[in-house]
Structure formats: C-alpha cells, structure tokens
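# Understanding the architecture of this molecule
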Amino acid sequence: ENKAVLTGFKTMGLDYELLDLVPQGVECLFTVDVERTTYLLDIPNAVVEVAIDKGNVIAGKKKAPIDEIEFELKDGEASALINFTAELAEQVPLLMENRSKYARGLLLCNLPGSIPADVNTVEDAKTALAKLKEQYL
C-alpha cells in the first residue's frame, strides 16, 4: 500500500511499537528506487559478495543517481578483499562513497545529518585504498 508499517514490532521482540514513538504517523521524505544484482566471488583467501545497485534516490522533483558496486567480505581474510579492491582500482576508475543512501536522501531534502563525502576523486579512492592496505596488511 506504499505506507509505513509502524506496528507488529512488539510481537517480534521490540519492547514497544514504533507507533508509540510517532503516534501522529510518519511522512515520506524521500524514496530509494534501486535494482540490485548480486554475485559471489571466490577470490584467493576469501569469498566476497558483489552487489551492483542501479537506480535513484528521489525527494520530490529532486533526484540523485545510484550507480554503485558494494563489496562485502562473506568469508576469509579482510586483507584479501582489500588487495582485490586495490588491484581493481588500478585497472578501472573507482570512487568511494562514504554516504549511505539514507544520508544522500537527507542531503536532497536539505536536512541536518547529511554526511558529506570526503572521497571525491579516483585519486582520493586510490589513496584511501592504499591506507587500508598499509593498515591491514
């Protein structure tokens, strides 16, 4: 019905219903419309889930594109994932997005709590990945 569900959480173990927190209800500020495709990669010393998201964060007439790839370590060594992404960044341009889709929605709405990205260029991403390699390897 495209409405927020604010009841039923107490029966699932929460000490209260969400409706108790907002008896007047909630208002939709923005939506996230994304198509996700996932793959499992078996790389040396790790299994990594790759999630490819394509879509938009939409707030009224404002829209921010989502065109991203997420890597999640499912099993194995964190250093293997760091090495893999660092090698990938040497082959193709990658940018790191530190803001969640939620934070990007807040930004579209000009609301406090918006988190600016501090990694904005391919070079920033390479530098950040190099720091991760130094830290974990």
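Above this note sits the structure.
A short tour of the structure in this document, coming up. (Residues numbered from 1 in each chain as written. Predicted model: local features only at pLDDT ≥ 70, side-chain atom pairs only at ≥ 80, totals over all residues. Heavy atoms only, no water.)

### What to know about the pattern of salt bridges
Selection rule: Each reported salt bridge corresponds to a side-chain nitrogen of Lys or Arg within 4 Å of a carboxyl oxygen of Asp or Glu. Here a helix means four or more residues in a row that DSSP labels H or I, a strand means two or more in a row labelled E, and each is numbered from the N terminus. Accessible area is worked out with a 1.4 Å probe on protein chains only. A residue is then buried under 20% of its type maximum, exposed over 50%, and partly exposed in between.
Under the counting rule described, the total for this entry stands at nine salt bridges. Among the salt bridges present, the one from Arg36 reaches Asp53, with a minimum N-O distance of 2.7 Å. Pair noted here: Arg36 is in strand β1 (residues 31–43) and Asp53 is in strand β2 (residues 46–59), with a separation of 17 residues, a long-range link. Measuring nitrogen to oxygen at the nearest pair gives 2.9 Å for the salt bridge that ties Glu68 to Arg104. With a gap of 36 residues between them, Glu68 in strand β3 (residues 62–76) and Arg104 in helix α3 (residues 101–108) connect regions that are remote in the sequence. As far as burial versus exposure is concerned, Glu68 and Arg104 are alike and both buried.

### A few points about the sheet that holds β2
Stated formally: Strands were regarded as paired on the criterion that DSSP finds at least two bridges between them. Inter-axis angles, ranging from 0 to 180 degrees, are taken between N-to-C directions of lines fitted to C-alpha atoms, where helices are fitted over the stretch in contact. Should any heavy atoms of two residues lie within 4.5 Å, those residues are considered in contact.
Spatial ordering of the open sheet is given by β1-β2-β3, a layout of three strands whose pairing is antiparallel. At either margin of the open sheet sits one strand with a lone partner, and together these are β1 and β3. Neighbour to neighbour, the strand axes of the sheet diverge by 15 degrees on average, direction disregarded. Helix-sheet contacts for helix α2 (residues 78–91) involve β1, β2 and β3, and the interaxial angle to β3 is about 135 degrees. The strands touched by α3 within the sheet are β1, β2 and β3, with β3 carrying the most contacts at an inclination of about 165 degrees.

### Comments concerning unusual backbone geometry
Of note, the phi angle at Asn45 is positive, near 70 degrees, even though the residue is not glycine. Following the sequence through the fold, Asn45 ends up in the loop between β1 and β2.

### Digging into the nonpolar core
Applied cut-off: Put simply, buried Ala, Val, Leu, Ile, Met, Phe, Trp, Tyr and Cys residues joined by side-chain atoms within 4.5 Å make one nonpolar core.
Membership of the largest hydrophobic core is limited to seven residues, which are Phe30, Val57, Ala59, Ala64, Ile66, Leu106 and Leu108. Broken down by secondary-structure element, the contributors of at least two residues to this core are β2, β3 and α3. Beyond its immediate sequence surroundings of up to four residues, Ile66 is in contact with Val32, Val34, Asp53, Lys54, Gly55, Asn56, Val57, Lys101 and Arg104. Judged by nonpolar contacts, the second largest core, of six residues, contains Ile43, Ala46, Ala80 and Leu81.

### Some details on α3
Within α3, six of the eight residues are buried, which leaves it mostly tucked inside the rest of the structure. Every buried residue of α3 is listed here: Lys101, Ala103, Arg104, Gly105, Leu106 and Leu108. For α3, the secondary structure elements touched by its buried residues are β1, β2 and β3.

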